[in-house]
Amino acid sequence: MNRDTISFDVDDRGVATITVDRPEQLNALTVETLEAIEDALDEAADRDARALVIAGAGDEAFVAGADISYMVEMSTPEAQAYAELGHRVADAIESFPAPTVAAVDGYAFGGGCELALACDLRVAAESAVLGQTEIDLGIIPGWGGTQRLPPLVGDEVARRLIFLGERIDAAEAAEVGFVGEVVADEEFDDRIDELAGELAAKPATALRAAKEALNAAGEGTAATGHALERRAWAGLFGTHDQREGMRAFLEKREPEFE
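Residues numbered from 1 in each chain as written. Predicted model: local features only at pLDDT ≥ 70, side-chain atom pairs only at ≥ 80, totals over all residues. Heavy atoms only, no water.

The protein is annotated in an unreviewed UniProt entry as Enoyl-CoA hydratase/isomerase family protein of Halorubrum salinarum. According to the UniProt record, the Sequence similarities (unreviewed entry) comment for the protein is "Belongs to the enoyl-CoA hydratase/isomerase family." (UniProt positions renumbered as here; feature names shortened; annotations may be inferred.)

Some thoughts on the overall build of the protein
On a plain count of helices and strands, the protein comes out with eleven helices and ten strands. By the compact-globule yardstick of 18 Å for 258 residues, the protein fits well, its C-alpha radius of gyration being 19 Å. With the C-alpha coordinates of the protein rotated into their principal frame, the extents come out at 60 × 40 × 35 Å. Taking the contacts inside the protein whose residues are at least 6 apart along the sequence as the reference set, 67% of them involve residues at least 24 apart. As presented, the protein carries roughly 13,400 Å² of accessible surface, and 50% of it is formed by carbon and sulfur atoms. The protein carries 21 positive and 52 negative side-chain charges, and their two centres are separated by 10 Å. (Helix = DSSP H or I, 4+ residues; strand = E, 2+ residues; numbered from the N terminus. Rg over C-alpha atoms; globule rule 2.2 N^0.38 Å. Contact = heavy atoms within 4.5 Å. Areas by Shrake-Rupley, 256 points an atom, 1.4 Å probe, with all protein chains shown as cover. Lys, Arg positive; Asp, Glu negative; His and termini not counted. Charge placed at Lys NZ, Arg CZ, Asp CG, Glu CD.)

Remarks on the domain arrangement of the protein
In terms of domain boundaries, the protein breaks down into domain 1 (6-200) and domain 2 (203-251). Contact with domain 1, which involves eleven residues of that partner, is made by six residues of domain 2. Approximately 570 Å² of surface area, both sides summed, lies buried where domain 1 meets domain 2, with 53% of it carried by carbon and sulfur atoms. Run the count over domain 1 and domain 2 and you get one salt bridge. With a closest N to O distance of 2.9 Å, Asp-120 and Lys-211 form a salt bridge. Here domain 1 and domain 2 share six residue pairs in polar contact (both at pLDDT 80 or more) between them. Residues that form the side of domain 1 that touches domain 2 fall into these classes: six nonpolar, two polar and three charged. (Domains from an automatic or database assignment. Buried area = accessible area lost by both parts, 1.4 Å probe. Salt bridge = Lys/Arg side-chain N within 4 Å of Asp/Glu carboxyl O. Polar contact = N/O pair within 3.5 Å; in protein donor to acceptor, adjacent residues only side chain to side chain. Nonpolar A, V, L, I, M, F, W, Y, C, P; charged D, E, K, R; others polar.)

Describing the sheet that holds strand 4 (residues 61-63)
Spatially, four strands are ordered 4-6-8-9 in an open sheet, and the strand pairing comes out mixed. Of all the strands in the sheet, the pair left with one neighbour each is strand 4 and strand 9 (168-169). In the sheet, strand 4 pairs with strand 6 (residues 107-109) via two bridges, with the strands oriented parallel. Among the inter-strand pairings, Val-63 is bridged to a residue of strand 6, identified as Ala-108. Docked against the sheet, helix 4 (residues 111-118) engages strand 4, strand 6 and strand 8 (129-131), running at close to 90° with respect to strand 6. (Pairing = 2+ DSSP bridges. Axes fitted to C-alpha atoms, helices over the stretch in contact; angles between N-to-C directions.)

Concerning the nonpolar core
Ranked by size, the top nonpolar core spans 50 residues in total, and within it Ile-18, Ile-37, Val-104, Leu-130 and Phe-178 carry the most contacts. Looking at which element gives the most residues to this core, the answer is helix 1 (residues 31-46), with six residues. Not counting chain neighbours up to four residues away, the residues in contact with Phe-178 comprise Cys-113, Leu-117, Arg-122, Leu-130, Leu-149, Leu-152, Val-153, Leu-161, Ile-168 and Ala-173. The next biggest cluster of nonpolar side chains, apart from the first, holds 15 residues, and it includes Ala-55, Val-101, Val-123 and Ala-196. (Core = buried A, V, L, I, M, F, W, Y, C linked by side-chain atoms within 4.5 Å. Buried < 20%, exposed > 50% of the residue type's maximum accessible area, 1.4 Å probe, protein only.)

Overview of the state of the cysteines
A full pass over the atoms with the stated rule returns zero disulfides. No disulfide involves Cys-113; its sulfur sits 11 Å from the nearest other cysteine sulfur, which is in Cys-119. On the basis of relative accessible area, Cys-113 is assigned to the buried category, the value being 0%. (Disulfide = S-S within 2.5 Å.)

Quick word on a negative patch on the surface
A cluster of like negative charges, contributed by Asp-4, Glu-32, Glu-35, Asp-39, Asp-42, Asp-46 and Asp-48, occupies part of the molecular surface. By the secondary structure assignment, Asp-42 is in helix 1. Given the relative accessible area of 47%, Asp-42 is considered partly exposed. (Patch = residues over 30% accessible without salt bridge, like charges linked within 9 Å, V, L, I, M, F, W, Y side chains within 5 Å.)

A few points about the environment of Val-31
Residue position: Val-31 is located in helix 1. Take Val-31: its relative accessible area is 23%, and that puts it in the partly exposed class. Measuring from C-alpha to C-alpha, the distance between Val-31 and Tyr-70 comes to 8.8 Å, with 39 residues separating the pair along the chain. Apart from the residues within four sequence positions on either side, Val-31 is in contact with Tyr-70, Tyr-82 and Leu-85.

Okay, structure coming up:
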């Protein structure tokens with residue numbers, strides 16, 4: 001894995017952290033960076049990470065977007081390849097077998113927002129600023145923003161954000177449903193660590209089944225989604241964590257999950 005533009009770690013709780021590490025460029029995403037994130041996601045899955053945090057280095061930005069200096073002279077075929085790479089990374093985050101958390105600290109624009117949208121949970125520092133700002137570059141979101149934003153914030157709000165390229169602060173982002181939690185800047189790192197630890201302590205098999213069922217909610221018919229949920233629910237019975245969780249409840253003690 002090329003570690004020049006990201007850092008990657010898995011701690012003893014099973015929490016994996018991928019940090020985009022280009023603070024002088026506001027963590028803008030190059031092809032090299034996207035490929036490094038893709039490799040890190042594979043490694044995190046191979047190491048059975050129980051939770052995953054996506055973050056940005058420095059104090060100014062989560063990810064300020066795709067690298068405009070790279071995009072400015074791209075041809076249509078080159079743009080298609082870049083879009084496919086961005087989608088592949090976002091899809092890998094969305095389908096990662098453990099819960100994912102976007103630690104949105106600072107600017108999150110364009111492709112940065114799209115990485116956050118692919119995560120299961122989004123936590124923003126009070127000073128964060130978010131926006132699908134591509135329209136002012138003469139383009140549109142190309143890594144899933146037009147598809148993932150409307151279910152979160154509603155069709156009208158999504159259209160306003162994308163059509164106008166509006167930048168909103170963390171409080172407004174929480175109000176419209178863009179992020180699920182806003183934390184004071186000085187408490188942000190501790191809260192991300194706490195949340196990731198809470199997720200990692202949950203039964204991994206059940207969390208994976210829950211994530212698969214939730215992701216299926218927007219695909220196909222309601223009947224298909226309900227059928228998947230039934231299969232996933234039933235399939236957890238007989239696992240160590242199901243037996244342990246229920247016995248611990250009955251015995252009024254804390255469970256010891258695998």
